[in-house]
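Commentary on secondary and tertiary structure
So you can see what is in the structure, the chains are spelled out below.
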Amino acid sequence: MRIIDTVIQVLLFAEVREAAGVERLTVSEAGTPAELFEELVGRYPGLKRFRSRLWVAVNQTFANWDQPLQPGDEVAFLPPVSGGARK
Amino acid sequence: MIRIQEEPIEPERYLAPLRLQTVGAVVTFEGRTRRFSRGREVDHLLYEAYRPMAEQEIGKLAEEACRRWSLQGLVVVHRVGHVKVGECSVLIAAAAEHRREAFEAVRYLLDTMKRTAPIWKKEVFKDDTNEAVWVESSDNLHGQ
C-alpha cells in the first residue's frame, strides 16, 4: 500500500494557509474534519479564529464537519471565497 | 471549455471558436483588475485556487447552464497567480441562437461561480504599506 493511502492529506488555502505557514500536511488519522481541525489548531493556534467561517471539502467535494474520514482522503479547509456567498 | 491558467487571458483566442454560423449571439463577461479598489491604488492581484476542485465546481455549473439554456458554446477562463492592473482575471462567454439565452447563461455562471468555486483573491496595494488583503465579499452567506 502506498503511503498516501494510509494517511489523510490536508490542504490549506489563502488566509488559512498563511496563518498556519504551511499549505499541505498529512495526519495519520482523524475521525472527522471537525476533529482534524481541532488537531490543527493545537499545532497552529492562529487557525482558531477561522473555524466559524470555514468550509470543508473532502476529496474535492463540499462536506460536513462530522463526515467520517478514511485513510487516503484529501481534506481541504476553505476560507470564504473572493466573490461572495456559498450555497 | 473550462480553464484555470497562470498566463494572461487572450479573450479573442477563446471567443473566435464561438462564432459559428448558427450562432446569433455571443455574450462576453470580462472581469478586469482595476487600478483603484475601495479608494486605494492596487499594485496587483494574487489569485489562488484549489485547482482540481475549482475546475470540477465550474464544470458542474457549466453543465447546469447547458441544461437550462440552449447553448452552442460556453467558455470559462480564470487566472491564478499574479495578475497585473489592466489584465483580464476572468472570462465568461456563451454563444446561443438568441441573445436572451446567452445573457442569462453568462449571468448565471458569473453569480454562481463566485459563490462556489474555491478561488481566492488578494489585493496588494501600491501605497507605502504594500499591504495585502484577502478579499471577501459582503454577501457571503456563510460569514454571517
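Okay, so let's go over this structure.

Thresholds, definitions, all that
Residues numbered from 1 in each chain as written. Chains lettered and ligands numbered in written order. Predicted model: local features only at pLDDT ≥ 70, side-chain atom pairs only at ≥ 80, totals over all residues. Helix = DSSP H or I, 4+ residues; strand = E, 2+ residues; numbered from the N terminus. Contact = placed C-beta atoms within 7 Å. Core = buried A, V, L, I, M, F, W, Y, C linked by C-beta atoms within 7 Å. Buried ≥ 20, exposed ≤ 12 C-beta atoms within 10 Å, placed from the backbone. Expected span 1.5 Å × (residues − 1). Pairing = 2+ DSSP bridges. Axes fitted to C-alpha atoms, helices over the stretch in contact; angles between N-to-C directions. Parallel < 35°, antiparallel > 145°, perpendicular 65-115°, else oblique. Left-handed = near helix turned anticlockwise from the far one by under 90°. Nonpolar A, V, L, I, M, F, W, Y, C, P; charged D, E, K, R; others polar.

**Concerning the overall build of chain B**
Helices and strands together make up the secondary structure of chain B, namely three helices and nine strands. Sequence-ordered secondary structure for chain B, helices as α and strands as β, is β-α-β-β-β-α-β-β-β-α-β-β. With the C-alpha coordinates aligned to their principal axes, the bounding extent of chain B is approximately 55 × 35 × 25 Å. Partitioning the intrachain contacts of chain B with sequence separation of at least 6 by distance along the chain shows that 73% fall at a separation of at least 24.

**Quick word on the nonpolar core**
Within the largest apolar cluster, 54 residues are counted, with the highest numbers of intra-cluster contacts made by A:Phe13, B:Ala94 and B:Leu109. Ranked by the residues each element gives to this core, the list is headed by strand β7 (residues 88-96) of chain B, at seven residues. Filtering out sequence-adjacent residues up to four positions away, A:Phe13 remains in contact with A:Ala76, A:Leu78, A:Pro79, B:Glu48, B:Tyr50, B:Pro118 and B:Trp120.

**Focus on helix α3 (residues 99-116) of chain B**
Residues and elements named next belong to chain B. With 18 residues, α3 extends 26 Å from end C-alpha to end C-alpha; this agrees with the ideal 26 Å at 1.5 Å per step. Along α3, the positions that sit buried rather than exposed are Glu-101, Ala-102, Ala-105, Val-106, Leu-109, Thr-112, Met-113, Lys-114, Arg-115 and Thr-116. Where α3 is buried, its residues contact β2 (25-32), α2 (51-68), β5 (71-79) and β7.

**Observations concerning the pairing of strand β8 (residues 119-125) of chain B**
Residues and elements named next belong to chain B. Note that strand β4 (residues 40-49) and β8 share seven bridges and pair antiparallel. Of the residues in β8, the one forming a bridge with Leu-45 is Glu-123. The hairpin formed by β8 and strand β9 (residues 132-134) contains six residues between the paired strands, and Asn-130 there has a positive phi angle of roughly 55 degrees.

**Points about the environment of B:Tyr108**
One can find B:Tyr108 in helix α3. Placed 47 residues apart in sequence, B:Tyr108 and B:Leu61 show a C-alpha to C-alpha distance of 8.5 Å.

**Some points on the packing of α2(B) against α3(B)**
Residue and element names in this part refer to chain B. With their axes 10 Å apart at the nearest point, α2 and α3 run at an angle of 155 degrees to one another. Here α2 lies roughly antiparallel to α3, going by the angle between them. Read as a crossing pair, α2 and α3 show a hand that is right-handed. Mapping the contact onto sequence places Glu-57, Ile-58, Leu-61, Ala-62 and Ala-65 in α2 and Ala-105, Tyr-108, Leu-109, Thr-112, Met-113 and Thr-116 in α3. Split into classes, the residues belonging to the contact of α2 with α3 amount to eight nonpolar, two polar and one charged.

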